[in-house]
Amino acid sequence: MSGIPGVEEIRSVSKFGISNVTIVFEESTDIYFARQLILERMATARENIPPGIGSPEMGPIATGLGEIYQYEVRPNREAITRRPTSGRSTTGIFADS
């Protein structure tokens, strides 16, 4: 996949006989043109795979957010340090206001 225009990053992982290759393109890249170029490369790769091993397939169009979702939970420090006035204990999750 090296040499395809607009490629920013190529990542791959292989586990238990299954390989996954992720190709990240520049934001301005026409995704359908990029997929066509990858399909052409996959056709060449398919010819070099021995019979009975399998055939490469392309997954659906995905964005970076479709693959990775990161979040951070921050406590409201005032709510944590505030003591209940009724004498009962309270537990829970406090959100920033």
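Residues numbered from 1 in each chain as written. Predicted model: local features only at pLDDT ≥ 70, side-chain atom pairs only at ≥ 80, totals over all residues. Heavy atoms only, no water.

Peer 1: Any details on the overall build of the chain? Residues and values, ideally.
Peer 2: When you go through the chain residue by residue, the secondary structure sums to three helices and two strands. Ordering the α and β elements of the chain from the N terminus gives β-β-α-α-α. When contacts within the chain are restricted to residue pairs at least 6 apart in sequence, those whose partners lie at least 24 apart make up 23%. Total accessible area on the chain stands at roughly 8,800 Å², and carbon and sulfur atoms take up 53% of it. (Helix = DSSP H or I, 4+ residues; strand = E, 2+ residues; numbered from the N terminus. Contact = heavy atoms within 4.5 Å. Areas by Shrake-Rupley, 256 points an atom, 1.4 Å probe, with all protein chains shown as cover.)

Peer 1: Please set out the pattern of salt bridges residue by residue, giving values where relevant.
Peer 2: Overall, the coordinates contain one salt bridge when judged by the stated rule. The closest approach of N and O atoms between Glu 9 and Arg 11, which form a salt bridge, is 3.3 Å. Looking at Glu 9, the relative accessible area reads 37%, which means it is partly exposed. Look at Arg 11 and you get partly exposed, because its relative accessible area is 31%. (Salt bridge = Lys/Arg side-chain N within 4 Å of Asp/Glu carboxyl O. Buried < 20%, exposed > 50% of the residue type's maximum accessible area, 1.4 Å probe, protein only.)

Peer 1: Can you lay out the pairing of strand β2 (residues 18-25) for me, pointing to particular residues and giving the numbers?
Peer 2: In this sheet, β2 lies alongside strand β1 (residues 7-15) in antiparallel orientation, the contact comprising eight bridges. Paired with Val 13 across the two strands is Asn 20, which belongs to β2. Here β1 folds back onto β2, and the loop between the two strands holds two residues, one of which, Phe 16, carries a positive phi near 55°. (Pairing = 2+ DSSP bridges.)

Peer 1: Got a sec to walk through the nonpolar core? Specific residues and values, please.
Peer 2: As a rule of thumb, nonpolar side chains are buried together in soluble globular proteins. In this structure, Ile 4, Ile 23, Phe 25, Ala 34, Leu 37, Ile 38 and Met 42 together form the largest nonpolar core, which totals seven residues. For this core, the secondary structure elements donating two or more residues are β2 and α1 (31-47). Top contributing element to this core by residue count: α1, with four residues. Residues in contact with Ile 38, not counting those within four places in the same chain, are Met 1, Ile 4, Ile 23, Phe 25 and Met 58. (Core = buried A, V, L, I, M, F, W, Y, C linked by side-chain atoms within 4.5 Å.)

Peer 1: I'd like a rundown of a nonpolar patch on the surface, residues and numbers included.
Peer 2: Together, Ile 31, Tyr 32 and Ile 61 make up a nonpolar patch on the protein surface, roughly 310 Å² of accessible area in all. Note on placement: Ile 31 falls in helix α1. (Patch = residues over 30% accessible without salt bridge, like charges linked within 9 Å, V, L, I, M, F, W, Y side chains within 5 Å.)

Peer 1: Could you give an account of the environment of Thr 22, naming the residues involved and the relevant values?
Peer 2: Of note, Thr 22 is situated in strand β2. Along the backbone, Thr 22 and Met 58 are 36 residues apart, and their C-alpha atoms lie at a distance of 10.0 Å.

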